[in-house]
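# Per-entry structural report
One letter stands for each residue in the lines below.
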Amino acid sequence: MPKMFAQVILPLSLHDAYTYEVPLNMQPAIQPGQRVVVQFGPKKFYAALVVSVSDEKPEGFQAKEIVQLLDESPVVLPQNLGLWRWMASYYCCSLGDIFRAALPPGLKLESKSKIFLTGNDDEQQVSEKEQLIINQLQDISTVEILQKKLGSRFSYPALQKLLNNNVVQVEEKISSKYKPKTEIFVKLHPEVGTEKQLHEKITSLERAKKQKALLLHFSEKTNAFGEKSQKEISKKELFKGTDFNSAHLNELHKKKILKKFEQPVSRILESEQKQVDINLLNKFQEIALAEVKSIFSKKDVALIHGITASGKTEIYIHLIDEALKSGEQVLYLVPEIALTTQIVQRLKNVFGPKVGIYHSRLNNQERVEIWEKVLQFRQNRDKGYQVILGARSSLFMPFSNLGLVIVDEEHENSFKQFDPAPRYNARDMAVVLGIQNKAKVLLGSATPSFESYFNAKTGKYGLVNLDKRHSNIELPEVMIIDLKRVWKRKQMHSVLSHELFELMNTAISKGEQVILFQNRRGYSPYVQCFNCGWIPKCQNCDVSLTYHKYKKRLNCHYCGFSQPVSNECPECGSPDIKTRGFGTEKIEDELKPLFPGARIDRMDLDTTRSKNAFSRIVHNLESRKTDILIGTQMVTKGLDFEHVSVVGILNADNLINFPDFRAHERAYQLISQVSGRAGRKHNRGKVIVQTSQPEHPLIEIIRKQDYQEAFQSQMEERKLFKYPPFYRLIKLVVKHKNPENVNRFANQLATNLRHNSSLIVLGPEFPLVSRIQLWYQKEIWLKVSRKFSPGEVKNFIINNIDTVKHLKDNSSCVVNIDVDPG
Ligand code: ADP
Ligand code: ZN
Ligand code: ZN
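I will try to describe carefully the structure that is included in this document. Nothing here was measured: the structure is a model prediction, and the numbers come from that model. (Residues numbered from 1 in each chain as written. Chains lettered and ligands numbered in written order. Predicted model: local features only at pLDDT ≥ 70, side-chain atom pairs only at ≥ 80, totals over all residues. Heavy atoms only, no water.)

Below, the discussion takes up empty space enclosed by the protein. The tally for this structure, following the rule as stated, stands at two cavities of 30 Å³ or more. The space that makes up the second largest cavity amounts to roughly 30 Å³. Contributing to the lining of the second largest cavity are Val 527, Trp 534, Pro 536, Leu 554, Gln 563, Val 565, Ser 566 and Ile 577. In the lining of the second largest cavity, the residues fall into six nonpolar, two polar and no charged. (1 Å grid on protein atoms, 1.4 Å probe; cavity = no way out; pocket = protein on both sides within 12 Å on 5 of 7 lines; lining within 4 Å. Points joined across faces, edges and corners; volume = space filled by probe spheres on them. Nonpolar A, V, L, I, M, F, W, Y, C, P; charged D, E, K, R; others polar.)

Pasting the structure below:
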């Protein structure tokens, strides 16, 4: 037989695929998309992914053999790999980075792979060195531990031989971490094959009353030999509501009347609820849907700009329905799955078990199971998942026949992964995925990202407008309150202007609800000594600590460091330490006496850490058990409540003044989105925006709710200053624990990059927070013309970083590359 070679991707930050030889016995079975165990470097084993197989012998080196084949069939399909390659190139990262991001943890073999004896060691002749290893392997161990224990007596070839002879195995994560859940089922014994035989058996049980009753109960439950009879039933269901027990069943099993057996069941609880009909669209939605379809006949991507509560979700549901009917799979991306319990419910209601939900809050087993059910669709369309509703990592699901990709709330920043690499934007990758799979892509938002809107305006995407709320109610009225004026007149009620306070009182007295937005969590952003001005800072990061009253501690929101609050100032000894500023926790505290009797709830990172906390808060608001909800960004994300009539933005200043070229875009989006929670079903809502800069041009745009103007005014600036969408931005972050190393490296890198005159290089500069978790950092920003291809840009950047890394004392600096930073 000719030799065969496989190219594999390792889960390491390596830019290329590596070639291994396929042992003869694996040749018939090996396919791209399967995982294999390979050795990389002198000592380590990894689960790698086969990307191609050929008989071409690699030149210039001796390829090592693949150690083990982990999958019977591919877990990644060839058509899924196109996205991997594109991402590695565009985001300047390695295929290994993508591999690590793409597969659920249950399908990855970690570097410290465990090895164990298979029990096949008796029949085989082993060498002395091999025996040494076997002796050490009485328990599962890792290669690393083996080496430690045996020292120089450890022989890698001996271990390899044991692996080849199947005396030793590498733990397969898929079978060890992922164990299918099983249940006991019951069916008639094959010897009871006719109705007559069944009756004979029933008669034979005359003296075993309980067993006879159980057998009768079984025949009734399964309708044995009747119409629509069911062959098997789970023991749990059979026993439900009865007093039969396992002893009765075991007797019948022994007598060869019933047969017990085990079989896998799904861990994912399929809701048993009845499916409901899809809503009919209103006439505006009808038109929008027709427009989307007409765009799809000419273009790959459409953007729906539909105001809040216009019913974008209903349009998505109609499109999904059509895709399903033509046998295609659908990916529905949402920014954060935890925040979208309402959409999950709406999709489950209409599409039932065809919908799978995928996100990182699921455990390993669940994630692997969903992965497999997407794969399964290829073979069995009735059993596999046809729709995946998920967060950004669902881009990598093994779709075999993708027809439609929807990106809901496409402007959301949480589509962007910050850390680790790949630092990708799932909205942009959804477009790439769609085009690669010849699927249509629909982006939707009430406040589209300026990049997407620009693409729509310039004809790259089709644009559909939907500017009527389903209820036909106008968008809320936005009122601007000048905080300086209110302060001067001493008309503040804690953080509430008199106007907001009054509106809230009226609303609550009518049984309506209020949402208040503040973009700081915790009690107060910082504490300060009123005598000397001392402010406690994090010992690892360059930021002040946030006071959390409930825990009576000061916390760092960057690294999690926490310390108790001291009673006196460590600098001057004064006991006069006070909290400054308002976080959501403090606002909740201060509102209680202002609205006695009102039911106040809070939604932020601190109150939603546990698994179901978020749904509980949403549920309480839906069922009108909450009158006032205070929250951070979380309250802005697509929630749909009927009875919210007032929304308050407590301080717009820090949104507007944030030092980032996207600050105005973000501020506009955030404020319109929270505002959009008001007055969705019954009467026009009211929004109060408190600011000390009422004369700021953006505030006027916010008051008018004029998206077009917000977009236009920013486009002029961005063009002038060469920002996206006109230029691509790339942020390089140089990191080291020693600030001198950071400085030297960053300066050398910036100097080298500046040799390329077609590139605009800014920095290096310390960012707002220049030290995080003991690492100092400096940033270099690149503005890159769109005429360069992503591949060219990647090569240029990586080569420059490599060159600087090779200079004296530089190798320990880390450089993160962030393309299209969020
Ligand atoms: P959006 O996603 O644009 O913010 P939603 O799809 O959440 O809007 O719709 C807002 C509310 O109006 C939801 O409660 C939704 O169920 C309801 N709604 C929208 N369109 C329809 C329709 N055609 N039939 C019935 N209810 C609708
Ligand atoms: Zn002091
Ligand atoms: Zn910190």
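Moving on from the model shown.
Adjacent strands of a sheet pair through backbone hydrogen bonds, lying either parallel or antiparallel. Spatially, 2-1-4-3-5 is the arrangement adopted by the five strands of the open sheet, whose pairing is antiparallel. The open sheet has two free edges, formed respectively by strand 2 (18-22) and strand 5 (68-69), since each of these has just one partner strand. Looking at chain direction, strand 3 (residues 35-40) and strand 4 (residues 44-54) are connected through six bridges and run antiparallel. Of the residues in strand 4, the one forming a bridge with Val 37 is Ala 47. (Pairing = 2+ DSSP bridges. Helix = DSSP H or I, 4+ residues; strand = E, 2+ residues; numbered from the N terminus.)

Following the criterion strictly, the structure yields 17 aromatic pairs and no others. Geometrically, the ring pair formed by Phe 450 and Phe 711 is edge-to-face, given 5.5 Å between the ring centres and 85° between the ring planes. Taken as a pair, Phe 450 in helix 16 (residues 450-457) and Phe 711 in helix 24 (residues 707-720) lie far apart in primary sequence, 261 residues in all. In this structure, Phe 450 and Phe 711 share a single accessibility class: buried. In this structure an aromatic cluster arises from ring pairing among Phe 450, Tyr 453, Tyr 668, Tyr 707 and Phe 711. Sitting over the face of the ring of Phe 261, Lys 187 holds its NZ or CZ atom 4.8 Å from the ring centroid. The ring of Tyr 723 carries Lys 783 above its face, with NZ or CZ at 4.2 Å from the centroid. (Phe/Tyr/Trp six-rings, centres within 6.5 Å; stacked < 30°, edge-to-face > 60°. Buried < 20%, exposed > 50% of the residue type's maximum accessible area, 1.4 Å probe, protein only. Lys NZ or Arg CZ within 6 Å of the ring centre and 35° of its normal.)

In this section: the site of ligand 1. What surrounds ligand 1 is a group of 18 residues, the closest being Leu 280, Gln 285, Ala 309, Lys 312 and Asp 640. A distance of 3.3 Å separates an oxygen atom of ligand 1 from a polar atom in the backbone of Ser 310. At a separation of 3.4 Å, a nitrogen atom of ligand 1 approaches a polar side-chain atom of His 470. Against a free-state accessible area of 550 Å², the protein chains account for coverage of 85% of ligand 1. With three residues, the top contributor of residues to the shell around ligand 1 is helix 12 (residues 312-325). (Near = heavy atom within 4 Å. Polar contact = N/O pair within 3.5 Å; in protein donor to acceptor, adjacent residues only side chain to side chain. Areas by Shrake-Rupley, 256 points an atom, 1.4 Å probe, with all protein chains shown as cover.)

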